[in-house]
Amino acid sequence: MLRFASLASGSGGNCLVAEARDAASGTRVLVDCGLNLTETERRLARVGLQGSDISAILVTHEHGDHAGGVFDFAAAHGIAVYLTYGTRAALEAEGKVLDGVKVCLVSGKEPAAIGALEVRPYTVPHDAREPVQYILSDGSARLGVLTDIGCSTPHVEQALSGLDALVLECNYELDLLWAGPYPKWLKSRIAGPFGHLDNRQSEGLLGRVERSRLKHVVGAHLSRHNNTPALARAALARALGCSDDWIGIASQEDGFDWRSC
Ligand SMILES: [Zn+2]
Ligand SMILES: [Zn+2]
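This report concerns the structure included in the present document. Going along each chain's sequence as written, the residues are numbered from 1 onward. Whichever chain is written first becomes A and whichever ligand is written first becomes 1, with later ones labelled in order. Only residues with pLDDT of 70 or above have their local features reported here, since the model is predicted, and side-chain atom pairs are shown and tallied only from 80 upward, although totals for entire chains, interfaces and linings are computed over all residues. Each side-chain value is derived from all of the structure's non-hydrogen atoms; neither hydrogens nor water enter the calculation.

## A short note on helix α9 (residues 229-240)
Moving on, step 1. Think of it this way: any DSSP run of H or I at least four residues long counts as a helix, any run of E at least two long counts as a strand, and we number them from the N terminus. One less than the number of residues in a helix, times 1.5 Å, gives the span that helix is expected to have. Compared with the 16 Å implied by 1.5 Å per residue over 12 residues, the 17 Å span of α9 between its first and last C-alpha is a close match.
Moving on, step 2. The buried label goes to any residue with under 20% of its type's maximum accessible area, the exposed label to any with over 50%, and the partly exposed label to all in between, with areas taken from a 1.4 Å probe on protein chains only. What α9 keeps buried is the set Ala232, Ala234, Ala235, Leu236, Ala237 and Ala239.
Moving on, step 3. Contact partners of the buried residues in α9: β11 (165-169), α8 (199-208), β12 (216-220) and β13 (248-249).
Moving on, step 4. A positive backbone phi angle near 65 degrees is found at Gly241, which sits one or two residues after α9. In what follows, a contact means two residues having at least one pair of non-hydrogen atoms within 4.5 Å.

Pasting the structure below:
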């Protein structure tokens, strides 16, 4: 069985937990850890876990809302950090890679096995050194995670085809972004090809992937200022032709509770 939950989602910190379980044992990983150690542990307890239940952390890229708490958590619990060469280099340059923490390099070309979980990184366009996102599988069901991507590509859409569950960035509503409080350079960065996906881009992406097995779609990384859960839900529901209620939303404060595929 494959199940997943989110501890937090948004520019204030991202952290998702995924678990593959067979009769004998379970493997749990974090995808990103953008919260501090105390807050990560507090939120893990909310989904019935403690730090010692986690086997590894997969990092998508070096931005603080994804990597800010990674090495503290990994050091505290003696677990490995999986990241790309470029993400490690960027974090090293900022002095954020801690000695004594085991680092496993991944690339967009090779899957990795972590206990009962199969992990497939795939490359994405975003303004970081070597960003990837991940497909996680227990050997039968597949979960795709996609946030922090400026525009969709055929490569991304192929990676996300045939999934059982998808956590998909819906960062902003274009009109709200342009009318909102951010300085112009930041608006241009967010809306640019290496920034973030808006509701309409996410709707288009979801409409183009093969989705006959999809049982869960959750909108993620919503901007507090430039989006609303209702707008994100409506966009993803349009792509699927389903009711808005069927679409989940990952929030900054609560993430979302366990979902099983
Ligand atoms: Zn982010
Ligand atoms: Zn980012």
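## What to know about the nonpolar core
In a soluble, globular protein the nonpolar side chains are often hidden away together inside.
Moving on, step 1. Formed by 28 residues in total, the largest nonpolar core has its most connected members in Leu16, Leu58, Tyr82, Tyr134, Leu136, Leu143 and Val167.
Moving on, step 2. The next biggest cluster of nonpolar side chains, apart from the first, holds 25 residues, and it includes Tyr122, Val156, Leu163 and Ala237. Residues belong to a common nonpolar core when they are buried Ala, Val, Leu, Ile, Met, Phe, Trp, Tyr or Cys residues joined through side-chain atoms within 4.5 Å.

## Some details on the pairing of strand β10 (residues 142-146)
Moving on, step 1. Of all five residues that make up β10, four are buried, and the element is covered over most of its length.
Moving on, step 2. One requirement defines pairing of two strands: DSSP has to find at least two bridges between them. Hairpin remark: strand β9 (residues 132-137) followed by β10, antiparallel, with four residues in the connecting loop; positive phi at Gly139, about 105 degrees.
Moving on, step 3. Note: β10 against β11, four bridges, orientation parallel. Across the sheet, residue Leu143 finds its bridge partner in β11, namely Ala165.
Moving on, step 4. A clockwise path from the first strand over the helix to the second, with the strands pointing away from the viewer, defines a right-handed crossover. Note that the unit made of β10, helix α5 (residues 154-159) and β11 has a crossover that is right-handed.

## With respect to the coordination of the zinc ion (ligand 1)
Moving on, step 1. The donor definition counts N, O and S atoms within 2.8 Å of each metal and applies 3.2 Å to Na, K and Ca; water is not among these atoms, so some sites may look incomplete. Protein-derived ligands of the zinc ion (ligand 1) are Asp65 (OD), His66 (NE2), Asp148 (OD) and His221 (NE2), with the metal-ligand distances lying across 2.1 to 2.3 Å.
Moving on, step 2. A site with four donors is called tetrahedral when every donor-metal-donor angle falls between 85 and 135 degrees; four donors are called square planar, and six octahedral, when opposite donors sit more than 155 degrees apart and all other angles fall between 65 and 115; any other arrangement is irregular. Considering all four donor atoms around the zinc ion (ligand 1), the spread of angles at the metal, 90 to 158 degrees, places the coordination shape in the irregular class.
Moving on, step 3. The sequence motif formed by the donor residues of the zinc ion (ligand 1) is D-H-x81-D-x72-H.
Moving on, step 4. Separating the zinc ion (ligand 1) from the zinc ion (ligand 2) is a gap of 3.7 Å, which Asp148 spans by donating to each of them. With His66 in helix α2 (residues 64-67) and His221 in the loop between β12 and α9, this residue pair connects regions lying 155 residues apart in the sequence.
Moving on, step 5. Overall, the relative accessible area of 0% leaves His66 in the buried class.
Moving on, step 6. For His221, a relative accessible area of 3% gives the class buried.

## Re the sheet that holds strand β7 (residues 112-114)
Note: strands within a sheet are paired through backbone hydrogen bonds, in either parallel or antiparallel orientation.
Moving on, step 1. Here we have seven strands laid out as an open sheet, ordered β7-β8-β9-β10-β11-β12-β13, and mixed in their pairing. Single-partner strands in this sheet number two, and they are β7 and β13.
Moving on, step 2. Note: β11 against β12, five bridges, orientation parallel. Considered in β12, the bridge of Glu169 is made with Ala220.
Moving on, step 3. With axes taken as lines fitted to C-alpha atoms, and helix axes fitted only over the stretch in contact, angles between N-to-C directions fall between 0 and 180 degrees. Its contacts with the sheet place α8 against β10, β11 and β12, and it is angled at close to 155 degrees to β11.

## Considerations on the coordination of the zinc ion (ligand 2)
Moving on, step 1. Within the protein, the atoms that donate to the zinc ion (ligand 2) are His61 (NE2), His63 (ND1), His126 (NE2) and Asp148 (OD), at distances of 2.2 to 2.4 Å.
Moving on, step 2. Coordination at the zinc ion (ligand 2) comes from four donor atoms whose angles at the metal span 92 to 165 degrees, giving a geometry best classed as irregular.
Moving on, step 3. Expressed as a motif, the donor residue spacing for the zinc ion (ligand 2) is H-x1-H-x62-H-x21-D.
Moving on, step 4. Taking relative accessible area as the criterion, His61 reaches 0% and is therefore assigned buried.

## Observations regarding the sheet that holds strand β2 (residues 15-21)
Moving on, step 1. Taken in spatial order, the seven strands of this open sheet run β6-β5-β4-β3-β2-β1-β14, and their pairing is mixed. Every interior strand has two partners, whereas the edge strands, β6 (103-105) and β14 (256-260), have only one. Here the average twist between neighbouring strands, direction ignored, is 20 degrees.
Moving on, step 2. Inspection of the sheet shows strand β1 (residues 2-8) paired to β2 by six bridges, in the antiparallel sense. By the bridge assignment, Phe4 is partnered in β2 with Ala18.
Moving on, step 3. Along the sheet, helix α1 (residues 37-46) makes contact with β1, β2 and β3 (26-31), crossing β1 at roughly 135 degrees.
Moving on, step 4. Across the face of the sheet, helix α4 (residues 85-93) comes into contact with β5 (80-83) and β6 while running at roughly 115 degrees to β5.

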